Amino acid sequence: MVRLIPEFRGAIDPESLDDINELIQARIDGGISRRQLVKRAAQIGIAAPVVGVMLHATSDMAYGKPSLGRDRAIVRMQTAGTKEVTGPTAPSGTPKEGGVLVASTIEEPDTLNPWITALVTGSDVLTGVFGGLMRYDSNQQIIPDLAESFEISTDGLIYTFKLRQGVTFHDGAAFTAKDVDATWKAIMNPDFTAYSQLGWDHIKTLDMPDDFTVVMNTTEAYAPFMAYISDPVSGAIISAAIFDKGPDYFRGDFGRAPIGTGPFKIDEWKAKEQIGLSRYDGYWGTKPKLDQIIYRINPDDNTQLVQLQTGEAQMAASSGSIGSSRLDEVLGYGTVDVYERPNMAWSHLDLKHVDFLRITKVRQALDYATPTQDIIDNIQKGRVVRAFADQAPITTVYATDITPRPYDLEKAKQLLTEAGLTQNGDGVWEGPTPTPSKDIDPNTDRGGPTKEFKMEFWYISGDSVTQQIAQVITQSWNSIGIKTEAKSEDVSTIWSPDGYQFNPDTMTACMYSWFNSNDPDNMYYWHSSQIPPDPTGAGGNAIAYFFPLNFQAKVDELTVAGAKETDPEKRKAIYIELQHLIFDETPVVFLWWSKDYSAVQPNIGGFWPSPFNRLLWNAQEWYVTE
Amino acid sequence: MNAFVIRRLLGAIPLLLGVSVLSFIFMQLAPGGPDTLLAKNGRMSQAQLEAIRHNLGLDEPVHVQLWKWITNLVQGDLGVSFSQQRPVRDVIFDVFPNTVYLMTVALTISLMVAVIFGIGAAVNQYGWFDNVTSFLAYFGLSMPVFWFGLMLQIMFAVKLGWLPSAGMRSATGGGTFDLIKHMILPALTLAIGSIGSWSRYLRSSTLEVLGQDYVRTARAKGLREQVVLIRHVLRNAMIPFLTVVAIDIPLYLTGAVVTETVFSWPGMGRLFFDSLTKRDYPVLMGILLLGAFLIVIGNLLADLLYALLDPRISLK
C-alpha cells in the first residue's frame, strides 16, 4: 500500500526498486526523479500507459526536488489550502500610499529592550525597530545593515567593519562607531543585565580608527561570530547616549519606549492592548510604505482567531502563527490566506542520562518504540517533518543521508536484550544498571544496582494535541514492557530546580520543542561546558546533569571544531559528522521539525515569512492594495 | 462615625500585613521562579544568570526578601516587576483604570436589571414575570461565563458584525463611542452572573418586606401601590441588598480573568494571570494587596451603608 504522505529518505537507488508500488513510493518521497522513474519502470517491464498514469499521479506530490548535486533539501510539502512561500506576497491591485496594518499576536512582549527580551514576540517587533551591523535575508545569508561592508583577517581574528554613513536614530542622533563600542561595553557589563553575550564575549578589544570604521580583535577563530553579532535584535546597536543614562533607565523606561535605527519607530505601548509603530522618515534604507503598524496583543489564540475572522486583524505570523490544530478553522474563514513555511523548531523527547538511559542501545530502542511517523500522519496530519538530528532541513548543513528509525517493537525488544536487560514475570524489563559513576563506559559497565525499567514521561500541560501525543507514546512504551507514566506540568514548574531534570532517582523523558538559531553552532546543547553546575544554573545540556553523555568526549570535540572552523565546506562536513554521531547515539529521541503557518489578508503585499527572521524583518517593503 | 471609620482602617493594617506575609509564603512554595525559564531559554552564561538573579534580589534568603518587601511597602514602594523591569505601581495602574471602566458599566447594568427583576418578581410572585425572570436568573447563575461570552462574541461580532469582537479600543484609536462599543459585550458577560445572584437575593428580601405589617398598613391607608412600593418597600428591601453589592464590588475590581481573556480586555484579571504564569512575584503581591485593601474598604462601606440606611443599626 502506498503511503501518500511523503517522507524524505534521501536519494534512492532506482535499481533497488522492484515493483510498481515501490516506484511510486520512491517518487512521492522525492528519492528518484521523473526520469529515473520512467527508466526503471521500463526496466522492470511496466507498460507505457501505466507509466504515464504513475507520472501523472505523482506529479504534484514529490516531496522535494532534491537535485542530487545540491545538498539543501527545500521542503515543499503542501497542506491542502495553504500556500507556499516563494517570495514576498504580491497581490494584484494598486498599492496604496501609506495605510495602517494591524498585526496580531498571542503573547505580550515582556520588554522592548532587544538585549533583555526573552520572548519571540518581543523580537518580532524589535526586528523592525533596531538595526545590527549585519542582518539575515530569507536565504540564511548575512547581508549588510548598519555596516556597509566587512573584512576578516586571514587568521580569522580581526573583523573590520565599514559603517554606513548618514544613519540616524529615531531621536535624530547620528550613528557612528562609538555607538557600536558603547553597545559592546554595555553588553559585557553585568549591570546592564544583557541576556545574551554570545559572540560579543569573543571581542578582546575594539578600535575605532575613525567615526565610521570599527575593528574588532577577537580572542579566537569563531565561526558563529558574524551570525551572533549580525542580528537586529540580538545584535542591536543602541545609541551611546542611552547607556549614559544608566542601567535602571536601560532596563526600565528604555524597554517601554526604545529608540533604534530601524524603518519603524515605537509610538506608544498600551499595556496588554497593542504596540503602535509608525514609519521613521529618516530611515537610511528603502522608505517604508506603510504609515503605521499596530501590533495587537491578545491573551490567547482564540481571541486572535476571532479577530482574523472579522477582519479586525489583518495578519497573524511568527509569535502569532496559527497553530496546526487551528489551521483548518482558519482556512475556512475566507478572510485570510495562509502561508506555510519551514521552521527551525524541533520537537524531541529529552532523556535524562541516568541508569538504563546511559546505554546507547536502550535509547535507540526507545526511538524504535516511538510511533513517530504514525503520530505525524494521524495526529499532526502530516504537517510536520520527521527529524533525526538537530540541524533543520532548510539549512545548508542538513544531513540528507540519514534515514530515521522506523517503528519496530521487535527491534526495540531485541536492542533491550542486547543491552543486558530481561523481561520479568510481568513483562517489565529489568536488569543491572551501569555503575553510578562518571568514569565508566555505560555501554559495557553493569556494576550498578538492578532496577526495573520505569520511566516518567513529562510533557507541558495546556495543549490537548500534546497530551494526545504523550498518551500515544506512553502507551507504546508500556506495550513492550517499559513501565511508563505520563505526567504534565506548566512550563515554569517543569523546568524549575525541583523539576524532573534534577531528580536523580527517576528515568525521565520530556517532550518539548526547541528552537535553533541561524548558525549551526550547537555547543549550547551538547557540550560538557553547558551542563548546569547546579539545579539553578545555566546551560542547555541538562540531560547530562548527573552523568556526562557516554559519547561526551567525541561530541565535545566535534562541537568545538564546528565552532572554530571558518571554511564553509569543512564546517559543513563537521556538522554532518556530528549529525551522524547524534543520530547513532540518540541522546534524545528526535521527533519532528514543525511548520509555521502565517495568516495574512490577501490585499497585503511585500509580506515574506522567513524561517531565519522575525516578523517585521522586511516591514519596510509591506504595503496594502485597494 | 469618624471614630468608627478610623478604628476600622487602623485595624486593617495588621490584616493587610498578614495577607502580604501569607501570600509571599505561598508564592515561594510554588515551584519555579522567574529565572527558571531564563536558565533554560537564553543562551546565557552562568555569570549573566547570577547577575540577573542578583538584580532581582532572588539570590537572597526568603526571609530577607520578605523583610525588604515589607520595609519598602511601608514607604509606599511596591517594588519592581521581574518581567517588565519597571515599578509595580506603574504596571498595575496601567491596567487598573481599564478594569474600573468595565466594572462600572457592568455593575450599573447588573444593578438596574437586578432591581427590576428582583422587585418585579417579588411583586408578581408566582406570576409570569416571576417565572421568566427566575428562569433567566438561574440560567445566568449556572452558565459558564466563557461560554456566554463566546456566544455573544460569535453572535454580535462575527455573524452580525454589529460590534467589535475584542479589545478595549480600535487599533487605530477612537473616542468615547468606540470605547462604549467595545465595552458592551464584555460588560454584558460580566453582568449576567451578578444579575442572577442579585435578583434572587433582592427578590427574597423584597418578599420578606412585602409581608411586613407596615406595608399592609400603608396599603390600608389607601396609598397607591406604586407609592407603597417606592417609598416603603424599595428602601427597606434595598438595605441588605446594597450591603451584598458593597462586598461584591472589590471582588470585581480585581478583574475577571475569563471575560478579559475572551474579549482581550487589558485589565487586572489578565495582569494577574500573566504574572502568575511568569512567577512575577512583586506584581502578584501588589495585586493581592490591592485586592485585600479593596475588600477592607468594601466591607467598611457595607457597614457604613447599613448604619446609614437602617435606623435600627448604630455604629459603636
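Source: prediction; values computed, not measured. (Residues numbered from 1 in each chain as written. Chains lettered and ligands numbered in written order. Predicted model: local features only at pLDDT ≥ 70, side-chain atom pairs only at ≥ 80, totals over all residues.)

### Description of the overall build of chain B
Right, on to step 1. If you tally the helices and strands in chain B, you get 13 helices and zero strands.
Right, on to step 2. By principal-axis analysis of the C-alpha atoms, chain B measures approximately 85 × 55 × 35 Å.
Right, on to step 3. Counting only residues that meet the buried cut, chain B has 37% of its 316 residues in that class. (Helix = DSSP H or I, 4+ residues; strand = E, 2+ residues; numbered from the N terminus. Buried ≥ 20, exposed ≤ 12 C-beta atoms within 10 Å, placed from the backbone.)

### Structural notes on the overall build of chain A
Right, on to step 1. Scanning chain A from terminus to terminus reveals 19 helices and 23 strands.
Right, on to step 2. Taking 626 residues into account, the globule formula puts the C-alpha radius of gyration at 25 Å, and chain A, at 26 Å, falls close to it.
Right, on to step 3. In terms of principal-axis extent, the alpha carbons of chain A reach across some 75 × 65 × 50 Å.
Right, on to step 4. When each of the 626 residues of chain A is scored for burial, the buried share is 51%. (Rg over C-alpha atoms; globule rule 2.2 N^0.38 Å.)

### Section: the interface of chain A and chain B
By a widely used convention, the size of an interface equals the accessible area lost when the partners come together.
Right, on to step 1. Counting residues at the interface gives 44 residues for chain A and 45 residues for chain B.
Right, on to step 2. For the side of chain A that touches chain B, the secondary-structure elements that each account for two or more residues are strand 2 (100–105), helix 9 (253–256), strand 11 (292–297), helix 10 (301–310) and helix 16 (491–494) of chain A.
Right, on to step 3. Ranked by the residues each element gives to the side of chain A that touches chain B, the list is headed by helix 10 of chain A, at five residues.
Right, on to step 4. Partitioning the side of chain A that touches chain B into residue classes produces 16 nonpolar, 17 polar and 11 charged. (Contact = placed C-beta atoms within 7 Å. Nonpolar A, V, L, I, M, F, W, Y, C, P; charged D, E, K, R; others polar.)

### Structural notes on the nonpolar core
Right, on to step 1. Core analysis: the biggest nonpolar cluster contains 221 residues, and L101, I293, M315 and A599 of chain A have the highest contact counts within it.
Right, on to step 2. With 13 residues, the top contributor of residues to this core is helix 5 (residues 88–123) of chain B.
Right, on to step 3. Excluding residues that lie within four positions of it along the chain, I293 of chain A makes contacts with L101, A103, F264, L277 and A619 of chain A.
Right, on to step 4. Among the nonpolar cores identified, the runner-up in size contains eight residues, and I24, A26, I28 and L37 of chain A belong to it. (Core = buried A, V, L, I, M, F, W, Y, C linked by C-beta atoms within 7 Å.)

### As for the pairing of strand 11 of chain A
All names here are of chain A.
Right, on to step 1. Among the six residues that make up strand 11, five are buried, leaving the element largely enclosed by the rest of the structure.
Right, on to step 2. Looking at chain direction, strand 2 and strand 11 are connected through six bridges and run parallel. Residue L101 lies in a different strand from strand 11, and its bridge partner there is I293. (Pairing = 2+ DSSP bridges.)

### A short note on the sheet that holds strand 8 (residues 213–218) of chain A
Residues and elements named next belong to chain A.
Right, on to step 1. Taking strand neighbours across the sheet as the criterion, the four strands line up as 5-6-8-7 in an open arrangement whose pairing is antiparallel. The open sheet terminates on both sides in strands that have one partner only, identified here as strand 5 (147–152) and strand 7 (203–210). Between one strand and the next, the sheet's axes are offset by a mean angle of 20°, whatever the strand orientation.
Right, on to step 2. One ladder, built from five bridges, connects strand 7 with strand 8; its direction is antiparallel. Residue T205 lies in a different strand from strand 8, and its bridge partner there is N217.
Right, on to step 3. Here helix 5 (residues 177–188) sits on the sheet and contacts strand 6 (158–163), strand 7 and strand 8; the angle it forms with strand 7, its principal contact strand, is near 165°. (Axes fitted to C-alpha atoms, helices over the stretch in contact; angles between N-to-C directions.)

### Structural notes on helix 5 of chain A
Residue pairs spaced three or four apart in an α-helix point in one direction, given the helix's 3.6 residues per turn.
Residue and element names in this part refer to chain A.
Right, on to step 1. Counted at 1.5 Å a residue, the expected span for helix 5 with its 12 residues is 16 Å, and the 17 Å between its end C-alpha atoms agrees.
Right, on to step 2. What helix 5 keeps buried is the set A177, D179, V180, T183, W184, A186 and I187.
Right, on to step 3. On its buried face, helix 5 sits against strand 6, strand 7, strand 8 and helix 7 (240–244). (Expected span 1.5 Å × (residues − 1).)

### Things to note about the sheet that holds strand 15 (residues 422–423) of chain A
Right, on to step 1. The antiparallel open sheet is built from three strands, whose spatial order is 15-16-17 (chain A). Taken across any chain shown, the strands that pair with only one partner, and hence form the sheet edges, are strand 15 and strand 17 (450–452) of chain A.

### Section: the packing of helix 8 (residues 176–210) of chain B against helix 10 (residues 225–253) of chain B
Residue and element names in this part refer to chain B.
Right, on to step 1. In the contact formed by helix 8 and helix 10, the axes pass within 9 Å of each other and the chain directions differ by 145°. You can see that helix 8 and helix 10 cross each other, and the crossing is right-handed. Of the residues in helix 10, those in contact with W198, Y201, L202, S205, T206, V209 and L210 of helix 8 are V233, N236, A237, P240, F241, V244 and V245.
Right, on to step 2. Of the residues that constitute the contact of helix 8 with helix 10, the class distribution is 11 nonpolar, three polar and no charged. (Left-handed = near helix turned anticlockwise from the far one by under 90°.)

### Remarks on the environment of G99 of chain A
Right, on to step 1. Relative to the helices and strands, G99 of chain A resides in the loop between strand 1 (83–84) and strand 2.
Right, on to step 2. Distance in space between the C-alpha atoms of G99 of chain A and T218 of chain A is 45 Å, their sequence separation being 119 residues.

### Details of the environment of W284 of chain A
All names here are of chain A.
Right, on to step 1. Here W284 lies in the loop between strand 10 (274–279) and strand 11.
Right, on to step 2. By C-beta crowding, W284 is classed as partly exposed, having 18 other C-beta atoms within 10 Å.
Right, on to step 3. Taking the C-alpha atoms as reference, W284 lies 9.9 Å from F169; in sequence the two are 115 residues apart.
Right, on to step 4. Setting aside residues no more than four positions away along its own chain, W284 makes contact with R164, G166 and V167.

### A look at the confidence of the model for chain A
All names here are of chain A.
Right, on to step 1. When pLDDT is averaged along chain A, the result is 88; 93% of the residues meet or exceed 70.
Right, on to step 2. Averaged pLDDT values for the elements of chain A fall to 65 in helix 3 (residues 48–58) and rise to 96 in helix 12 (residues 360–368).
Right, on to step 3. Scored below 50 in pLDDT, residues 60–78 shows 37 contacts in the model against residues more than four places distant or in partner chains. (pLDDT = per-residue confidence, 0-100.)

### A word on the environment of L210 of chain B
Right, on to step 1. Take L210 of chain B: it is sitting in helix 8.
Right, on to step 2. Separated by 128 residues in the primary sequence, L210 of chain B and F82 of chain B place their C-alpha atoms 56 Å from one another.

### Details of helix 18 (residues 552–564) of chain A
Residues and elements named next belong to chain A.
Right, on to step 1. Between the first and last C-alpha of helix 18 there are 18 Å, a value that for 13 residues agrees with the 18 Å anticipated at 1.5 Å per step.
Right, on to step 2. Within helix 18 the residues assigned to the buried category are V555, L558, T559, G562 and A563. Mapping the buried residues of helix 18 onto a view down its axis gives an arc of 135°, with all of them on the same face.
Right, on to step 3. Buried residues along helix 18 sit against helix 17 (523–526) and helix 19 (568–585). (Arc of directions from axis to C-beta.)

### Side note on the packing of helix 12 (residues 268–278) of chain B against helix 13 (residues 281–309) of chain B
Describing two packed helices takes the angle between their axes plus the distance from one axis to the other.
All names here are of chain B.
Right, on to step 1. The geometry of helix 12 relative to helix 13 is characterised by a closest axis approach of 9 Å and an angle of 140° between their N-to-C directions. Relative to helix 13, the element helix 12 is oriented oblique. Our pair here, helix 12 against helix 13, has a crossing hand that is left-handed. Counting all contacts with helix 12, which are made through M268, L271, F272, S275 and L276, the residues of helix 13 involved are V283, L284 and I287. (Parallel < 35°, antiparallel > 145°, perpendicular 65-115°, else oblique.)

### Some remarks on unusual backbone geometry
Residues and elements named next belong to chain A.
Right, on to step 1. Of note in this structure, Q140 is not a glycine but carries a positive phi near 65°.
Right, on to step 2. Within the secondary structure, Q140 sits in the loop between strand 3 (134–136) and strand 4 (142–144).
Right, on to step 3. In this model, T193 sits at a positive phi of 40°, which is unusual for a non-glycine residue.

### Notes on the pairing of strand 21 (residues 588–600) of chain A
Residues and elements named next belong to chain A.
Right, on to step 1. Most of strand 21 is tucked away: 13 of the 13 residues are buried.
Right, on to step 2. The sheet contact formed by strand 12 (residues 315–316) and strand 21 spans two bridges and is antiparallel. Bridging from a neighbouring strand, M315 pairs with V600 of strand 21.
Right, on to step 3. As paired strands, strand 13 (residues 337–351) and strand 21 are joined by 11 bridges and run antiparallel to one another. Within the sheet, the bridge partner assigned to Y339 lies in strand 21 and is S598.
Right, on to step 4. Two elements, strand 14 (residues 385–386) and strand 21, share two bridges in a ladder whose sense is antiparallel. Among the inter-strand pairings, V385 is bridged to a residue of strand 21, identified as W593.

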